[in-house]
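Here is how the chains run, residue by residue.
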Amino acid sequence: MEKRKVLVAGASGYLGRYVVREFARRGYAVRALVRSPEKLASEGPNLEPAVASMVEEIHRGDAADPASLKDACRGVDIVFSCMGLTKPQEGVTSEKVDHLGNRALLEDAMTHGVRKFIYISVFNAEKMMEVDVVKAHELFVKDLQSSGMPFTVIRPTGFFSDMGMFLSMARSGHMFMLGDGENHVNPIHGADLANICVDAVESSAIEISAGGPDTYTFNETVEMAFQAVGKSPWITHIPMWIGDAALFVTGIFNKSLAGVLAFAVSVSGLDNVAPPTGTHHLGDFYRELVTGGETKA
Ligand SMILES: NC(=O)c1ccc[n+]([C@@H]2O[C@H](COP(=O)([O-])OP(=O)(O)OC[C@H]3O[C@@H](n4cnc5c(N)ncnc54)[C@H](OP(=O)(O)O)[C@@H]3O)[C@@H](O)[C@H]2O)c1
């Protein structure tokens, strides 16, 4: 029997690599939509796996250039997209990538009779609609809802990869944290989230919210990072209004950096606890990063 084919858009990113691996494990033929295929050959900065050997086909495309996405979905049964702007890029906006890039992909999926579109948005989106990247995600969700294409939107909390940044700061011995750090979060590992993403193929749910198995305060996530690098926690809390003011000033000089920072500022001011799932723990992840993956299960 011929294998079912999935297009994974954003396959070179933190989540995308785990999703490629999970689809391949479950017997799918994976086509990766990427800008830089060479990235797939090596492990990512947060120990996300090299996946070049798990990918059967590559479609090279850039979300900011919709014409390059044409026929990415030809012959594909399922489209999974976590293609999104998470780092500032000169002259590129979330609207261009997260909204319009994914919309171009959806149009191509409809042209080629794709069976289902699975999309990654964010948890608590309705509380952060003033943030460009969240708005762009949700504009695309609206496009999906009105398209007639069967779909599932997955809404995760923060990824372990985002918590990885705390480790770099802990290594320096000191870190600044917005707010009092007492809001709660249950961050999720890419492998645990990938299971949810692939299960979504057979799910009738149109929305799935997901977080990791453990809930911490932001202070606890940072204290664990200090512990992993063997240093005593030294955290300076900055009032939220200073974060907002810094964002305003950054926005004047560097719009794309401000767009990415705005998400971090909004998340710091909220509890982000979604239905728990998975088996990976943040403390283990930090220790793996410190040892360069030697303790990885
Ligand atoms: N990180 C979190 O805590 C978190 C939480 C909730 C939701 N999300 C959402 O989940 C998605 C994936 O996040 P992630 O942390 O896995 O991000 P990531 O590691 O930065 O991966 C993003 C992927 O999108 C691709 N991409 C970016 N701009 C592109 C463009 N112009 N054309 C084609 N591909 C492009 C990247 O390709 P390159 O490798 O070429 O850059 C990469 O493959 C994002 O939409 C993000 O908003 C993230």
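Remember, it's a predicted structure, so these values are computed and weren't measured experimentally.

(A) Just unusual backbone geometry, in detail. Positive phi, close to 70°, is recorded for Leu47, a residue that is not glycine. Positioned with a positive phi, Asp71 is a non-glycine residue whose angle comes to about 70°.

(B) View of the packing of aromatic side chains. In this structure the tally under the stated criterion is 7 aromatic pairs. Ring centres 5.5 Å apart and planes at 70° place the aromatic pair Tyr14 and Tyr18 in the edge-to-face group. Here Tyr14 and its partner Tyr18 are both found in helix α1 (residues 14-25), 4 residues apart, which amounts to about one turn of the helix. Plain terms: the ring middles of Phe23 and Tyr28 are 4.9 Å apart, the flat faces sit at 75° to each other, and that makes the pair edge-to-face. Taken together through their ring pairs, the aromatic side chains of Tyr14, Tyr18 and Phe159 make up a single cluster.

(C) Here's a closer look at the pattern of salt bridges. Inspection of every chain in the model, using the stated rule, returns 13 salt bridges. With a closest N to O distance of 3.5 Å, Glu22 and Arg25 form a salt bridge. With Glu22 and Arg25 both in helix α1 and 3 residues apart, this pair spans about one turn of that helix. Residue classification places Arg25 among the exposed positions, given a relative accessible area of 58%. Across the pair Arg74 and Asp71 runs a salt bridge, and its minimum N-O distance is 3.3 Å. Ionic contacts of the salt-bridge type, sharing partners, join the residues Glu22, Arg25, Arg26 and Asp199 into one network.

(D) Focus on empty space enclosed by the protein. Going through the model one piece at a time under the given rule, you end up with 1 cavity of 30 Å³ or more. For the largest cavity, the calculated volume is near 30 Å³. The dominant element in the lining of the largest cavity, judged by the number of residues it contributes, is helix α9 (residues 282-290), at 3 residues. For the lining of the largest cavity, a count of residues per class yields 2 nonpolar, 3 polar and 2 charged.

Each value, and the rule that gives it
Residues numbered from 1 in each chain as written. Predicted model: local features only at pLDDT ≥ 70, side-chain atom pairs only at ≥ 80, totals over all residues. Heavy atoms only, no water. Phe/Tyr/Trp six-rings, centres within 6.5 Å; stacked < 30°, edge-to-face > 60°. Helix = DSSP H or I, 4+ residues; strand = E, 2+ residues; numbered from the N terminus. Salt bridge = Lys/Arg side-chain N within 4 Å of Asp/Glu carboxyl O. Buried < 20%, exposed > 50% of the residue type's maximum accessible area, 1.4 Å probe, protein only. 1 Å grid on protein atoms, 1.4 Å probe; cavity = no way out; pocket = protein on both sides within 12 Å on 5 of 7 lines; lining within 4 Å. Points joined across faces, edges and corners; volume = space filled by probe spheres on them. Nonpolar A, V, L, I, M, F, W, Y, C, P; charged D, E, K, R; others polar.

Just distances and angles here, no functional claims.
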